[in-house]
Amino acid sequence: MRVVVDLSRCQGYAQCAFLAPDAFRMHGEEALMYHPGPDDAHRVRVLRAAAACPVQAILVDRLEGRPTDEDTPIAAPAS
């Protein structure tokens, strides 16, 4: 998986850092630091973080040979 953040769009809301702290973190109050190639074990968290970004500044790209979004459930069904 490859992650790209448009830092000119990022407003520092830190939703990504809250949802996927292994891939995103805030440096100070406004500067976002992120891992451009997070481990696939964090895939669901990174996808949730990208979806939660209020300004849609996060792009997640699946690398060839990886499972599709349909293969990875985002939420477990209610019991």
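Since the structure is predicted, the reported quantities are computational estimates derived from the model, not experimental observations.

Participant: Hey, could you run me through unusual backbone geometry in this one?
Facilitator: The phi dihedral of Ala14 is positive, around 65°, even though this residue is not glycine. Relative to the helices and strands, Ala14 is located in the loop between strand E1 (2-5) and helix H1 (15-19). On the basis of relative accessible area, Ala14 is assigned to the partly exposed category, the value being 24%. With phi around 50°, Gln56 is a residue other than glycine that occupies positive phi space. Take Gln56: it is sitting in the loop between helix H2 (43-52) and strand E4 (58-61).

Participant: Even after reading the chapter, I still don't get the state of the cysteines, so can you show me in this structure?
Facilitator: Simply put, the disulfide is a covalent bond whose two ends are the sulfur atoms of two cysteines. All told, the structure shown has zero disulfides when counted by the stated rule. Of all cysteine sulfurs in the structure, the one in Cys16 sits closest to Cys10, which takes part in no disulfide; the separation is 6.3 Å. Residue classification places Cys10 among the partly exposed positions, given a relative accessible area of 21%. With no disulfide partner, Cys53 has as its closest neighbouring cysteine sulfur the one in Cys10, 6.4 Å distant. The class of Cys53 is buried, set by a relative accessible area of 12%.

Participant: Got a minute to help me understand the nonpolar core in this structure?
Facilitator: The nonpolar side chains of a soluble globular protein tend to be buried with one another. In terms of nonpolar packing, the biggest core is built from 15 residues, with Val3, Val5, Cys16, Ala20, Phe24, Val46 and Ile58 touching the most fellow members. Counting only elements with at least two residues in this core, the list comes to E1, H1 and H2. Element by element, the count of residues in this core is highest for H2, at three residues. Those residues in contact with Cys16 that sit more than four places away from it in its chain are Pro21, Phe24, Leu32, Ala49 and Ile58.

Participant: How should H2 be read in this particular structure?
Facilitator: Those residues of H2 lying buried are Arg43, Val46, Leu47, Ala49 and Ala50. Down the axis, H2 shows its buried residues gathered within 160° of arc, on one side only.

Rules used in this analysis
Residues numbered from 1 in each chain as written. Predicted model: local features only at pLDDT ≥ 70, side-chain atom pairs only at ≥ 80, totals over all residues. Heavy atoms only, no water. Helix = DSSP H or I, 4+ residues; strand = E, 2+ residues; numbered from the N terminus. Buried < 20%, exposed > 50% of the residue type's maximum accessible area, 1.4 Å probe, protein only. Disulfide = S-S within 2.5 Å. Core = buried A, V, L, I, M, F, W, Y, C linked by side-chain atoms within 4.5 Å. Contact = heavy atoms within 4.5 Å. Arc of directions from axis to C-beta.

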